Amino acid sequence: MSQAHATTTRADRQVLAGDTGPRLAQSKPRRSTLRSMPHLIRVCFGILVVLIIAAISAPLIAPHDPAEQVLMARLQAPTGLN
């Protein structure tokens, strides 16, 4: 008669007894939201953030009105004022 005796560890006995310990020990570690996103979504999100920052800071980037024209001065040579 061959003896097929499997050694059980403490963790195996706890599982067999139904005692699996606190749920925190079983749960997977949570990944950060940014790291769990696919690469393409992270790139698109980054571009969107840059565009929003550019839109908010637009008056600082270009303080003059692009539609404003001085037609009387259109044929004059450039000066330090314009």
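Residues numbered from 1 in each chain as written. Predicted model: local features only at pLDDT ≥ 70, side-chain atom pairs only at ≥ 80, totals over all residues. Heavy atoms only, no water.

**Concerning the overall build of the protein**
- Looking only at helices and strands, one finds five helices and zero strands in the protein.
- Along the protein, helices (α) and strands (β) appear in the sequence α-α-α-α-α when read from the amino end.
- Burial analysis of the protein (82 residues in total) assigns 0% to the buried set.
- Only carbon and sulfur atoms are counted for the fraction: they give 64% of the accessible area of the protein, which is about 8600 Å². (Helix = DSSP H or I, 4+ residues; strand = E, 2+ residues; numbered from the N terminus. Buried < 20%, exposed > 50% of the residue type's maximum accessible area, 1.4 Å probe, protein only. Areas by Shrake-Rupley, 256 points an atom, 1.4 Å probe, with all protein chains shown as cover.)

**Here we look at a nonpolar patch on the surface**
- There is a patch of nonpolar side chains on the surface, built from V43, I47 and L51 and spanning about 270 Å² of accessible area.
- The topology assignment puts L51 in helix α4 (residues 39-56).
- Judged by relative accessible area, which is 53%, L51 ranks as exposed. (Patch = residues over 30% accessible without salt bridge, like charges linked within 9 Å, V, L, I, M, F, W, Y side chains within 5 Å. Salt bridge = Lys/Arg side-chain N within 4 Å of Asp/Glu carboxyl O.)

**Things to note about the confidence of the model for the protein**
- When the pLDDT values of the protein are averaged, the result is 75; 57% of them are 70 or greater.
- No element of the protein has a lower mean pLDDT than helix α2 (residues 23-26), which averages 54, and none a higher one than α4, which averages 94. (pLDDT = per-residue confidence, 0-100.)

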